[in-house]
Amino acid sequence: MMAARTLFEKIWQRHVIVSRGADEALLAVDSHFVAEGSFHAFGALAKDGRRVRKPRQVFGSPDHFVPTLGREQGLAGMGDAESRGLIEYLAHNAREYGFDHFGIDDARQGILHVIGPELGISQPGLMITCGDSHTSTHGAVGAFALGIGASQNKQVLATQCLWQKRPKTMRIGVEGALGPCVTAKDVILAIIAKIGVSGAVGHVIEYAGGVLRAMTMEERMTVCNMSIEAGARSGMVAPDDTTFAYLHGRPYAPQGGHWEEALAYWRTLPSDAGAKFDREVTLDASALEPMVTWGTLPEHAIAVTGSVPDPACASSADERAQWDEAIRYIGLAPGTPLAGIEIDRVFIGSCTNGRIEDLRAAAAVLRGGKAAIRAWVSPGSTTVKRQAEAEGLDRVFREAGCEWRAAGCSSCVAMNGDGVGAGERCASTSNRNFEGRQGKGSRTHLMSPAMAAAAALTGRITDVRKLAS
Ligand code: SF4
């Protein structure tokens, strides 16, 4: 009888072409995503005189460098010649090699980690790669989704295969009932605060437990998205009826009789009872409050009711030095209550929280109010933008004084110029609060869309539960 296997082990074993020793294998890649930042890989491919091996399994869209204003002009509206060149080069490669490309003018353009699931390209049981860290997002559908480097990007384009060291497995069980205004973003920030930014190094995380089972697909994507911020190779959630209902009818999902065949396979994927994980972690979600980061790492997350910690209370000399540096950069004194800290800017968007449910949550807080500070909203995809406009969410944002932008990575990393100024403090729904992440000298406080909307209304970090009551 076959030993009980985890979801990850089932996907891994199905994709092994050849093994090298006990821990390394050449894996077949099902779907590979490329953005304009893949120019190194395409350049190296061309230099070697090679072609894309399986173009029907490659999908492209520009996301990092696309402007979020003036998009009606398409490429012609892009003032930055270098960024325009990258976007043109991706479009050129799509034509040259014949892969599907959702370009700057395409109604399906968006952040790759938003459009993959949205179009039904990301499916249970697949091995998915992309030259971007947050590829783990696609694991929410029950896939093994891996961020890879530039040379691996070229390898996948040329061969549709990838050598990988086999990661260890970790199950994070989240049980309990979420309190009011506590969201998937708060759950993942609490997990990272608990295990640290190195807590899952070398592992693939399977998120499990009643809280994950009750989450929508978009909430699961928010959780899986930030797996990499705990050092994990990837994150995943076992596919279930929520997954199947989400994927059904999406353009790239199996159609007709193929749907039933796929469904039969997908139902075999969840971890078997008794399957062993290398590490198990549990989190009681009942105790969670809305979370905010106070420092410069995602693990620097605490409840909004808390205060900036005192480095004297750090658990080691290394941690004390790291907290000292984070506090110096972020410009807050130890002991400062988080609620009430003045904010200069708000960013609602990114592959973590730029989906329609995120925009609905932010709009619900902003409806009928006025933003006290500059706030902008950039949907994760052009499809999300259209949906939001169909629901009138754009009007809610505009009437509240927020800027309603086009789809892309925008202020998450500010490669397109949507930067936060030096010394400015930004309430952001993105996934990284590193030094300078949103622009040189910028200070980032990560939080959920509802919390970011509350910060927009008051100009301060605000416990959204107080606005809601
Ligand atoms: S939204 Fe941010 S984290 Fe996501 S792909 Fe873009 S730059 Fe990376």
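Cut-offs used in this document
- Residues numbered from 1 in each chain as written.
- Predicted model: local features only at pLDDT ≥ 70, side-chain atom pairs only at ≥ 80, totals over all residues.
- Pairing = 2+ DSSP bridges.
- Helix = DSSP H or I, 4+ residues; strand = E, 2+ residues; numbered from the N terminus.
- Contact = placed C-beta atoms within 7 Å.
- Axes fitted to C-alpha atoms, helices over the stretch in contact; angles between N-to-C directions.
- Core = buried A, V, L, I, M, F, W, Y, C linked by C-beta atoms within 7 Å.
- Buried ≥ 20, exposed ≤ 12 C-beta atoms within 10 Å, placed from the backbone.
- Parallel < 35°, antiparallel > 145°, perpendicular 65-115°, else oblique.
- Left-handed = near helix turned anticlockwise from the far one by under 90°.
- Nonpolar A, V, L, I, M, F, W, Y, C, P; charged D, E, K, R; others polar.
- Domains from an automatic or database assignment.

### With respect to the sheet that holds strand S18 (residues 425-428)
Strand order across the open sheet formed by 5 strands is S17-S16-S15-S18-S19, with parallel pairing between neighbours. Strands with a single pairing partner mark the edges of an open sheet, and in this sheet they are strand S17 (403-404) and strand S19 (443-446). Packed onto the sheet, helix H16 (residues 449-458) meets strand S15 (345-349), strand S16 (374-378) and S18 and runs at close to 150° relative to S15.

### Observations concerning the nonpolar core
If you look at the biggest cluster of nonpolar residues, it comprises 140 residues, and the most contacted ones within it are Val-346, Ala-362, Leu-366 and Ala-456. It is helix H6 (residues 184-195) that provides the largest number of residues to this core, a total of 9 residues. Setting aside residues up to four positions removed in sequence, Leu-366 forms contacts with Val-396, Phe-397, Ala-400, Cys-402, Ala-453, Ala-456 and Leu-457.

### Considering the packing of helix H2 (residues 39-47) against helix H5 (residues 150-159)
Where H2 contacts H5, the two axes come as close as 8 Å, and the packing angle between them is 55°. With respect to each other, H2 and H5 are oriented oblique. For the element pair H2 and H5, the recorded crossing hand is right-handed. The residues of H5 that touch H2, namely those facing His-40, Ala-41, Ala-44 and Leu-45, are Ala-150, Asn-153, Lys-154, Leu-157 and Ala-158.

### Looking at the packing of helix H13 (residues 356-366) against H16
Two numbers describe a pair of packed helices, the interaxial angle and the distance between the axes. Running from amino to carboxyl end, H13 crosses H16 at an angle of 30°, the nearest separation of the two axes being 8 Å. For the crossing formed where H13 meets H16, the hand is right-handed. On H16, the residues touching Asp-358, Ala-361, Ala-362, Val-365 and Leu-366 of H13 are Pro-449, Ala-450, Ala-452, Ala-453, Ala-454, Ala-456 and Leu-457. The residue makeup of the contact of H13 with H16, split by class, is 11 nonpolar, no polar and 1 charged.

### Quick look at the pairing of S16
Burial runs high along S16: 4 of the 5 residues are buried. Pairing of S15 with S16, which is carried by 5 bridges, proceeds in the parallel orientation. Bridged to Val-346 within S16 is Ala-375.

### Here's the deal with the environment of Met-217
By secondary structure assignment, the location of Met-217 is in helix H8 (residues 217-225). Residue classification places Met-217 among the partly exposed positions, given that 19 C-beta atoms sit within 10 Å. In this structure, the C-alpha to C-alpha distance between Met-217 and Thr-296, residues 79 residues apart in sequence, is 28 Å. Beyond its immediate sequence surroundings of up to four residues, Met-217 is in contact with Pro-117, Ala-140, Thr-242, Thr-243 and Tyr-246.

### Notes on the sheet that holds strand S5 (residues 100-101)
Spatial ordering of the open sheet is given by S5-S4-S3-S6-S7, a layout of 5 strands whose pairing is parallel. Both edges of this open sheet fall to S5 and strand S7 (144-147), since each of them pairs with a single strand only. Across 4 bridges, strand S6 (residues 127-130) lies against S7 in parallel orientation. When the sheet's bridge partners are listed, Met-127 is paired in S7 with Phe-144.

### What to know about unusual backbone geometry
You will see that Cys-181, though not glycine, has its phi angle at about 65°, which is positive. Mapped onto the secondary structure, Cys-181 falls in the loop between strand S9 (168-175) and H6. Among the residues examined, Cys-181 registers 22 C-beta atoms within 10 Å and is labelled buried. In this structure, Ala-414 takes a positive phi of about 60° despite not being glycine. Summarising the element assignment, Ala-414 is placed in the loop between S17 and S18. With 19 C-beta atoms packed within 10 Å, Ala-414 lands in the partly exposed category.

### Quick notes on the domain arrangement of the protein
Examined at the domain level, the protein breaks down into domain 1 (7-165 + 241-259), domain 2 (168-239 + 272-287) and domain 3 (291-468). On a C-alpha basis, the centres of domain 1 and domain 3 stand 28 Å from each other. Across the contact, 20 residues belong to domain 1 and 20 residues belong to domain 3. At 4 residues, helix H4 (residues 112-118) tops the list of elements feeding residues into the side of domain 1 that touches domain 3. Partitioned by chemical class, the residues of the side of domain 1 that touches domain 3 number 8 nonpolar, 8 polar and 4 charged.

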